[in-house]
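One letter stands for each residue in the lines below.
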Amino acid sequence: MPPCERMLSLSNTFFASGRLAPKPFVLGALVVYVAGFLSQFLLGAPVTARLHIVPFVLAQIVLGWGWYVLHARRLRDAGRGVGPAVALTILYALAIVLLLLVMAVANNMALPDTQGLASTSIVAVFLMLFLASLVIGADAAMGMFGYAFLGALVLITLPVLIAFVFTIWLAKRPSVPASPP
């Protein structure tokens, strides 16, 4: 393949137009989901101490666009409109904004970080407190802030779960023949 065609092919991977068969869709979705999981490490103390949350936000923009491109192409291949991909991408972006807001609130209420723990460790602490209160029945252990915090965690994780189920559903849709131009 000549370099010009290769560049054109590479540039087309960044645009949402076109179609995508189920197998390449699954491979692309796996890459996006694994990269999304790994991007959480960009919220660690060593990164945020030097570069704040900028790398995480940039990674989320790239991952959100990649997720949208994959799903829009696959929806077209399955003979459906791209509306669900647009809606879920917007929902994911809102969840990321909420995550950053929760982290900002949790960081301001946290004790000084002397052990190099990531700011997301606050999320883990509240999650463990909630689970412990369920086990021992201490409803008052978390207080109103704790329940609001857990509600925010649900709102943050729900779009990711919905998107994951949507990805599985979309991967199982058969391709429809392309309509003539």
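Because the structure is predicted, anything quoted here is derived from the model rather than measured. (Residues numbered from 1 in each chain as written. Predicted model: local features only at pLDDT ≥ 70, side-chain atom pairs only at ≥ 80, totals over all residues. Heavy atoms only, no water.)

Chemist: How would you explain the packing of helix H2 (residues 22–38) against helix H4 (residues 54–77) if you had to name every residue and give the values?
Modeler: Two elements in contact, H2 and H4, have axes separated by 10 Å at closest approach and are oriented at 160 degrees. With respect to each other, H2 and H4 are oriented roughly antiparallel. Of the two possible hands of crossing, H2 and H4 adopt the one that is left-handed. Together, Pro 22, Phe 25, Gly 28, Ala 29, Val 32, Tyr 33, Ala 35 and Gly 36 of H2 and Leu 63, Gly 66, Trp 67, Leu 70, His 71, Arg 74 and Asp 77 of H4 make up the contact between the two elements. (Axes fitted to C-alpha atoms, helices over the stretch in contact; angles between N-to-C directions. Helix = DSSP H or I, 4+ residues; strand = E, 2+ residues; numbered from the N terminus. Parallel < 35°, antiparallel > 145°, perpendicular 65-115°, else oblique. Left-handed = near helix turned anticlockwise from the far one by under 90°. Contact = heavy atoms within 4.5 Å.)

Chemist: Go over the packing of aromatic side chains with me, naming the residues and quoting the values.
Modeler: Applying the stated criterion to the full structure yields 5 aromatic pairs. By way of ring pairs, the aromatic residues Trp 67, Phe 166 and Trp 169 are connected into one cluster. (Phe/Tyr/Trp six-rings, centres within 6.5 Å; stacked < 30°, edge-to-face > 60°.)

Chemist: Give a detailed account of H4, specifying residues and quantitative values.
Modeler: Taking 1.5 Å per residue as the helical rise, H4 with its 24 residues ought to reach 34 Å, and the 35 Å between its terminal C-alpha atoms agrees with that figure. Count one or two residues on from H4 and you reach Gly 79, which has phi positive near 80 degrees. (Expected span 1.5 Å × (residues − 1).)

Chemist: Quick rundown of the nonpolar core? Include the residues and the values.
Modeler: Core analysis: the biggest nonpolar cluster contains 16 residues, and Trp 67, Tyr 68 and Phe 166 have the highest contact counts within it. Once residues within four sequence positions are removed from consideration, Phe 166 is found in contact with Trp 67, His 71, Leu 75, Pro 84 and Leu 88. Ranked by size, the runner-up nonpolar core spans 12 residues in total, among them Phe 56, Leu 100, Met 103 and Leu 153. (Core = buried A, V, L, I, M, F, W, Y, C linked by side-chain atoms within 4.5 Å. Buried < 20%, exposed > 50% of the residue type's maximum accessible area, 1.4 Å probe, protein only.)

Chemist: Describe unusual backbone geometry, with residues and values.
Modeler: At His 52, a residue that is not glycine, the phi angle is positive and equals roughly 60 degrees. For His 52, the location among the structural elements is in the loop between helix H3 (45–51) and H4.

Chemist: Help me get a handle on the side chain of Thr 167, residues and values and all.
Modeler: As for its position among the elements, Thr 167 is in helix H7 (residues 143–171). Thr 167 gets classed as buried once you look at its relative accessible area, which sits at 8%. Of note is the side chain of Thr 167, whose polar atom sits 2.8 Å from the backbone oxygen of Ala 163. In this view, Thr 167 contacts Phe 25, Ala 29, Tyr 33, Trp 67 and His 71; residues no more than four positions away in its chain are not counted. (Polar contact = N/O pair within 3.5 Å; in protein donor to acceptor, adjacent residues only side chain to side chain.)

Chemist: Residue-level account of the pattern of salt bridges, with values.
Modeler: Two side chains bearing opposite charge may form a pair once their charged atoms approach each other closely. Scanning all chains against the criterion turns up 2 salt bridges. For Arg 74, the salt bridge is made with Asp 77, and the minimal N-O distance between the two is 2.5 Å. In this pair, Arg 74 and Asp 77 both sit in helix H4, 3 residues apart, roughly one turn of the helix. Asp 77 matches Arg 74 in its accessibility class, with the two residues each being buried. (Salt bridge = Lys/Arg side-chain N within 4 Å of Asp/Glu carboxyl O.)

Chemist: Describe the environment of Val 47, with residues and values.
Modeler: By the secondary structure assignment, Val 47 is in helix H3. Setting aside residues up to four positions removed in sequence, Val 47 forms contacts with Phe 41, Leu 42, His 52 and Pro 55.

Chemist: Give me a nonpolar patch on the surface: which residues, what numbers.
Modeler: A contiguous nonpolar patch, built from Val 86, Ile 90, Leu 91, Leu 94, Val 154, Leu 158, Leu 161 and Ile 162 and spanning about 680 Å² of accessible area, is present on the exposed surface. The set of elements that each furnish at least two residues to the nonpolar patch consists of helix H5 (83–109) and H7. Its location among the elements puts Val 86 in helix H5. (Patch = residues over 30% accessible without salt bridge, like charges linked within 9 Å, V, L, I, M, F, W, Y side chains within 5 Å. Areas by Shrake-Rupley, 256 points an atom, 1.4 Å probe, with all protein chains shown as cover.)

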